[in-house]
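Structural overview for review
One letter stands for each residue in the lines below.
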Amino acid sequence: MCLKMNSELQTLIASVGFPIALSMYLLVRIDGKLQILSDSINELSKNIIRIK
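Predicted model only: the values in this text are computed from it and were never measured.

1. Focus: a nonpolar patch on the surface
- On the surface, a cluster of nonpolar side chains totalling about 880 Å² of accessible area is made up of Leu9, Ile13, Phe18, Leu22, Tyr25, Leu26, Ile30, Leu34, Leu37 and Ile41.
- Those elements that provide at least two residues to the nonpolar patch are helix H1 (2-16) and helix H2 (18-51).
- A total of eight residues in the nonpolar patch trace back to one element, the largest contributor, which is H2.
- Mapped onto the secondary structure, Leu22 falls in helix H2.

Shown next, in the form of C-alpha cells:
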C-alpha cells in the first residue's frame, strides 16, 4: 500500500508540480482532522443544550 502511494505521489509531483501535490496532500490530511473537530463541536453543543 505504502509503495503504491509513493509511486502515485511521485507521478503526481512529476505531472502537476510540487505546489499542487503538496496542497492536495495537506487537504487530505486536514480533512480527517476537520471532521473530528466538527463532531466534537456538535457534541459540545448538544451537551450545553442538555445542561440548560
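2. Quick word on the environment of Glu43
- By secondary structure assignment, the location of Glu43 is in helix H2.
- Considering only alpha carbons, one finds Glu43 and Val28, 15 residues apart in sequence, at a separation of 24 Å.

Rules behind the numbers
- Counting restarts for each chain, with residues numbered from 1 along the sequence as it is written.
- It should be noted that, the model being predicted, local features are given only for residues of pLDDT at least 70 and side-chain atom pairs only at 80 or more, the latter also being counted only at that level, while totals for whole chains, interfaces and linings use all residues.
- As a convention, hydrogens and water are excluded, and side-chain values are obtained from all of the structure's heavy atoms.
- Each patch is built from salt-bridge-free residues with over 30% relative accessible area, joining like charges within 9 Å and nonpolar side chains (Val, Leu, Ile, Met, Phe, Trp, Tyr) within 5 Å.
- Here the accessible surface of atoms and residues is derived via Shrake-Rupley with a 1.4 Å probe, and residues count as covered only by protein chains that are part of the display.
- We define a salt bridge as a side-chain nitrogen of Lys or Arg found within 4 Å of a carboxyl oxygen belonging to Asp or Glu.
- In this text, helices come from DSSP runs of H or I with a minimum length of four residues, and strands from runs of E with a minimum of two, each type numbered from the N-terminal end.

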